[in-house]
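# Inside the fold
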Amino acid sequence: MSSVLQGFTKSLAMTFVSEIGDKTFFAAAILAMRYPRRLVLAGCVSALIVMTILSATVGWAAPNLISRKWTHNITTLLFFGFGLWSLWDGFKQGGGESEELAEVEAELDSDLKANGKATKDNNSKIEDENKKQNRPFLTQFFSPIFLKAFSINFFGEFGDKSQLATIGLAADENPFGVVLGGIVAQLLCTTAAVIGGKSLASQISERIVTLSGGMLFIIFGIQSFLTSVE
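Residues numbered from 1 in each chain as written. Predicted model: local features only at pLDDT ≥ 70, side-chain atom pairs only at ≥ 80, totals over all residues. Heavy atoms only, no water.

Under the convention used in this document: UniProt positions are given in the numbering used here, feature names are shortened, and annotations may be inferred rather than shown by experiment.
As recorded in an unreviewed UniProt entry, the protein chain goes by GDT1 family protein and comes from Brassica rapa subsp. trilocularis. Reading the Subcellular location (unreviewed entry) entry of the UniProt record for the protein chain gives the comment "Membrane". Turning to the protein chain, the UniProt record has this under Sequence similarities (unreviewed entry): "Belongs to the GDT1 family."

### Concerning the packing of aromatic side chains
Here is the rule: The pairing test for Phe, Tyr and Trp rings, Trp by its six-membered ring, is centres within 6.5 Å, and the orientation test on the planes gives stacked under 30 degrees, edge-to-face over 60, and tilted for anything in between. By definition, any uninterrupted DSSP run of H or I lasting at least four residues is a helix, any uninterrupted run of E lasting at least two residues is a strand, and each is numbered from the N terminus. Think of it in three bands: residues with accessible area under 20% of the maximum for their type are buried, residues over 50% are exposed, and the middle band is partly exposed, with areas taken using a 1.4 Å probe on protein chains only. Definition used: whenever NZ (Lys) or CZ (Arg) falls within 6 Å of the ring centre and also within 35 degrees of the ring normal, the charge is taken to sit over that ring.
Throughout the structure, instances matching the rule amount to eight aromatic pairs. With a centroid separation of 6.1 Å and an interplanar angle of 40°, the aromatic rings of Phe82 and Trp85 are classed as tilted. In this pair, Phe82 and Trp85 both sit in helix H4 (residues 68-92), three residues apart, roughly one turn of the helix. Judged by its relative accessible area of 45%, Trp85 is partly exposed. Joined through ring pairs, the aromatic side chains of Phe79, Phe82, Trp85, Phe217 and Phe220 make up one cluster. Taking NZ or CZ as reference, Lys10 lies 5.5 Å from the ring centre of Phe220, over its face.

### Concerning the pattern of salt bridges
So the rule is basically this: By convention in these notes, a salt bridge is any Lys or Arg side-chain nitrogen within 4 Å of a carboxyl oxygen on Asp or Glu.
In total, this model carries one salt bridge according to the counting rule given. Among the ionic pairs, Glu173 bridges to Lys10, the shortest N-O distance being 2.9 Å. A residue pair is termed long-range when its members are at least 10 positions apart, and Glu173 in the loop between helix H8 (161-172) and helix H9 (175-203) and Lys10 in helix H1 (residues 4-19) qualify at 163 residues. Relative accessible area serves as the criterion here: at 3%, Glu173 is assigned to the buried category. The class of Lys10 is buried, set by a relative accessible area of 6%.

### Here's the deal with the packing of helix H2 (residues 23-34) against helix H7 (residues 144-156)
Rules: Between N-to-C directions, angles cover 0 to 180 degrees, with each direction set by a line fitted to C-alpha atoms, over the stretch in contact for helices. An angle counts as roughly parallel when it lies under 35 degrees, as roughly antiparallel when it exceeds 145, as roughly perpendicular when it falls between 65 and 115, and as oblique in every other case. For any helix crossing, the convention is left-handed if the near helix is rotated counterclockwise from the far helix by under a right angle, and right-handed if that rotation is clockwise. Contact criterion: two residues are considered in contact whenever any of their non-hydrogen atoms come within 4.5 Å of each other. Note that Gly is not counted as nonpolar here; it falls among the polar residues with everything else outside the nonpolar set of Ala, Val, Leu, Ile, Met, Phe, Trp, Tyr, Cys and Pro and the charged set of Asp, Glu, Lys and Arg.
Their axes nearest at 10 Å, the elements H2 and H7 cross at an angle of 165°. By the angle between their axes, H2 is roughly antiparallel relative to H7. Of the two elements, H2 crosses H7, and the hand of that crossing is right-handed. Along its contact with H2, which presents Thr24, Ala27 and Leu31, the element H7 presents Lys148, Ala149, Ile152, Asn153 and Gly156. The residue inventory of the contact of H2 with H7, partitioned by class, reads four nonpolar, three polar and one charged.

Structure below.
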């Protein structure tokens, strides 16, 4: 079994590079411009932590279902595949504004227009109820804003490269280290998105981030390929 430090380091680097320009990063940045930052941060981070733990659990259970040699080989192929995929995407991208940012902003604008009135009505009702209660922290923590940020980030991670890579990494490395590194990286990325807002998101070169992520996946793939598993 690999060391906790090795799993932590790999997971931290992989998750940070994968998430810094991801759709969930942009979603957190845009949501933070429209709603209270503490609620957006709590919702986004909670969703990403839950997804990281679930992904690592699946990866940890994989060697118990099939042989460790097979899981190691599959993980190696995943790293090479994601690396080549990211490099291809990076070379195809231009140097202009992020298409991912524009896409997320359009989706959130559409959702806001469709549900704007209902959201306002619900929020006003919840605010009235909150005033009657003596536990403002709990009522705010489970507010519609928290749930919206949670759901957008949680379902946005399904099938994402970072999720699949976390599963593969947890199958090949210490799962506790993978979870810890993933959570720290998610905290860093999401906090930067919420504090920096759209200005930070728009200044990020998606091409450089994508190419960096591709190189990192290739390096992990080479390292995994050179590591023998009985």
